[in-house]
Amino acid sequence: MIDLHAHLLPGLDDGARSWEEAVEMAQTAVESGIETVAATCHANLPGRNSADMVRVYRRRLEQFRELLEKERIPLRLVEGMEILDGAELVRKLKRGELLTINGTRYVLVEVRLDAPAWQIYRMLIYLLDAGYIPILAHPERYRCVQRVPAHVKEWARMGAVLQLDKGSIFGRFGEGAADVADYMLDRQLVSLAATDAHRVDVRTLSLAPLRDLLARRYGSACPELLLRENPKRILEGNDVIRFR
Ligand SMILES: [Fe+2]
């Protein structure tokens with residue numbers, strides 16, 4: 001399987017707290033059947049220097065690759081960021097101050113959980129018009145979507161890729177998120193699911209429980225598409241397969 005959203009690199013955000021924890025998370029990933037992870041970190045947070053962030057990020061990614069090789073953990077790491085909506089998003093992407101997923105046109109983006117729906121529409125249109133394909137991180141966790149779930153239908157129609165968090169479907173983010181997760185899955189609006197892992201013990205880098213649950217509820221073609229085929233297509237810069 002392929003996980004395109006995991007806070008695996010230590011010292012960059014609220015993800016792994018040490019190299020030891022990152023190695024343990026990588027071990028968990030391999031044991032749960034994950035071969036490739038996009039080591040995404042929060043980016044474009046107010047008050048942080050994006051250009052410097054990329055330099056630090058890449059150095060840490062390279063260090064971690066070397067560490068995994070030394071520990072003989074067969075996990076492939078690709079670059080990526082979970083980019084918070086903010087001013088001059090496209091300009092920063094074009095200047096390489098923010099990173100897309102594996103150097104493709106796919107950009108993993110998020111907004112504050114209480115952001116209004118119009119802000120998400122504006123961000124998606126802005127990115128799509130500039131030739132990027134937004135992967136909207138965990139739409140089911142946004143309050144505006146929990147109030148009006150039908151927004152996600154429009155965002156999928158516009159061309160955004162909707163990424164579901166593993167924790168949402170297991171109820172970790174409350175009933176509202178779990179209900180929207182079901183809504184999106186039942187209507188086949190989800191193109192991609194990911195761990196959004198932050199720790200070795202909670203929000204783990206394991207996809208096996210999600211794969212099994214999706215297979216039980218929707219048949220094995222569902223996890224195959226959301227955890228393997230579509231993430232692979234994204235890494236190669238190809239179009240995802242949509243149900244509708
Ligand atoms: Fe995240």
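Residues numbered from 1 in each chain as written. Predicted model: local features only at pLDDT ≥ 70, side-chain atom pairs only at ≥ 80, totals over all residues. Heavy atoms only, no water.

A. Molecular detail of the packing of helix H4 (residues 117-129) against helix H6 (residues 151-158). The geometry of H4 relative to H6 is characterised by a closest axis approach of 11 Å and an angle of 5 degrees between their N-to-C directions. With respect to H6, the axis of H4 lies roughly parallel. Across from Ala 117, Ile 120, Tyr 121, Leu 124, Ile 125 and Leu 128 in H4, the residues of H6 making contact are His 151, Glu 154, Trp 155 and Met 158. By residue class, the composition of the contact of H4 with H6 is eight nonpolar, one polar and one charged. (Axes fitted to C-alpha atoms, helices over the stretch in contact; angles between N-to-C directions. Helix = DSSP H or I, 4+ residues; strand = E, 2+ residues; numbered from the N terminus. Parallel < 35°, antiparallel > 145°, perpendicular 65-115°, else oblique. Contact = heavy atoms within 4.5 Å. Nonpolar A, V, L, I, M, F, W, Y, C, P; charged D, E, K, R; others polar.)

B. Highlighting the sheet that holds strand E2 (residues 36-43). Strand order in the open sheet formed by seven strands is E1-E2-E3-E4-E5-E6-E7, and the pairing between neighbours is parallel. The sheet terminates laterally at strand E1 (2-6) and strand E7 (192-194), the two strands that pair on one side only. Averaged over all pairs of adjacent strands, the angle between their axes in this sheet comes to 30 degrees, without regard to strand direction. Bridge count between E2 and strand E3 (residues 76-84): eight bridges; the pairing is parallel. For Ala 39, the partnering residue across the bridge sits in E3 and is Glu 79. Along the sheet face, H4 touches strand E4 (106-110) and strand E5 (133-137) and points at about 150 degrees away from the line of E5. (Pairing = 2+ DSSP bridges.)

C. Broad picture of the pairing of E2. In terms of burial, E2 is largely enclosed, as eight of its eight residues are buried. Burial along E2 is two-sided: the residues Thr 36, Ala 38, Thr 40 and His 42 and Val 37, Ala 39, Cys 41 and Ala 43 are all buried. Between the parallel pair E1 and E2, the chain is carried across by helix H1 (residues 19-31), and the sense of this crossover is right-handed. (Buried < 20%, exposed > 50% of the residue type's maximum accessible area, 1.4 Å probe, protein only. Right-handed = clockwise from strand over helix to strand, strands pointing away.)

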